Amino acid sequence: MSEQSKDSGQQLENDRRDSPRVEMRLSVRRAGTSDTFEPREGNLSLGGFAWYGSALPVGTKVEVRILLPGAKEALLARGEVLHVGHGSRGSSAHVRFLELPVEAEMSIARYLDDVELAESRSRGGA
């Protein structure tokens, strides 16, 4: 691995840590199909999402519906499976957003900020 590749990989890891991950239920399907959206337990961050259970192969394009608490309509976004992991919860697919409308990105950012602020307050923070 070249030094540039190492630096890029480390930068990617650091970028992903900048956004908290919030557990939530998602609906996922393979992109470009008329398949039914499958409900999955997972998590959401500003850069993407992950789900637990049957994972699709790395490189697979997917569509996700995200219903944020209090929202009237689900957000729809496209992503690509970057990594498939295996842990205590079974298989997991980790996805980065490819197409995320600005309004959806802002809604996710507000939601993540609200969750982080609530958690900080519950720990006795500001």
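All values reported here derive from a predicted model rather than from experimental measurement.

Reading the values: rules and limits
- Residues numbered from 1 in each chain as written.
- Predicted model: local features only at pLDDT ≥ 70, side-chain atom pairs only at ≥ 80, totals over all residues.
- Heavy atoms only, no water.
- Phe/Tyr/Trp six-rings, centres within 6.5 Å; stacked < 30°, edge-to-face > 60°.
- Buried < 20%, exposed > 50% of the residue type's maximum accessible area, 1.4 Å probe, protein only.
- Helix = DSSP H or I, 4+ residues; strand = E, 2+ residues; numbered from the N terminus.
- Expected span 1.5 Å × (residues − 1).
- Arc of directions from axis to C-beta.
- Contact = heavy atoms within 4.5 Å.
- Pairing = 2+ DSSP bridges.
- Axes fitted to C-alpha atoms, helices over the stretch in contact; angles between N-to-C directions.

**Remarks on the packing of aromatic side chains**
Right, on to step 1. Enumeration over the complete set of coordinates arrives at two aromatic pairs.
Right, on to step 2. Ring centres 6.3 Å apart and planes at 25 degrees place the aromatic pair Phe49 and Trp51 in the stacked group.
Right, on to step 3. Relative accessible area serves as the criterion here: at 1%, Phe49 is assigned to the buried category.
Right, on to step 4. For Trp51, a relative accessible area of 2% corresponds to the buried category.
Right, on to step 5. Aromatic ring contacts, followed pair by pair, group Phe49, Trp51 and Phe97 into a single cluster.

**Describing helix H2 (residues 102-122)**
Right, on to step 1. In this model H2 runs 30 Å from its N-terminal to its C-terminal C-alpha over 21 residues, within 8% of the 30 Å that 1.5 Å per residue would give.
Right, on to step 2. Three or more residues of H2 are buried, namely Ala104, Ile108, Tyr111, Leu112 and Val115. For H2, the angular spread of the buried residues around the axis is 95 degrees, confining them to a single face. Opposite its buried face, H2 presents the exposed residues Val102, Glu103, Asp114 and Arg121, each directed more than 90 degrees away.
Right, on to step 3. In this structure, the buried side of H2 is in contact with strand E1 (22-30), strand E2 (38-44), strand E4 (61-66), strand E5 (75-87) and strand E6 (90-99).
Right, on to step 4. Immediately beyond the C-terminal end of H2, within one or two residues, lies Gly124, with a positive phi of roughly 90 degrees.

**Some thoughts on the side chain of Glu80**
Right, on to step 1. Tracing the backbone through its elements, the reader meets Glu80 in strand E5.
Right, on to step 2. Under the relative-accessibility criterion, Glu80 is labelled buried at 16%.
Right, on to step 3. Not counting residues up to four positions away in its chain, the partners in contact with Glu80 are Gly59, Thr60, Lys61, His94, Val95, Arg96 and Leu98.

**Side note on the sheet that holds E1**
Right, on to step 1. The six strands lie next to each other as E1-E2-E3-E6-E5-E4, forming a closed barrel whose pairing is antiparallel. Averaged over neighbouring strand pairs, the angle between their axes works out to 45 degrees when direction is ignored.
Right, on to step 2. Where strand E3 (residues 48-52) lies against E6, five bridges are found, and the strand directions are antiparallel. Within E6, the residue paired with Trp51 across the bridge is Ala93.
Right, on to step 3. Running at roughly 155 degrees to E1, H2 makes contact with E1, E2, E4, E5 and E6 of the sheet.

Bear in mind that shape data such as this cannot, by itself, settle questions of function.
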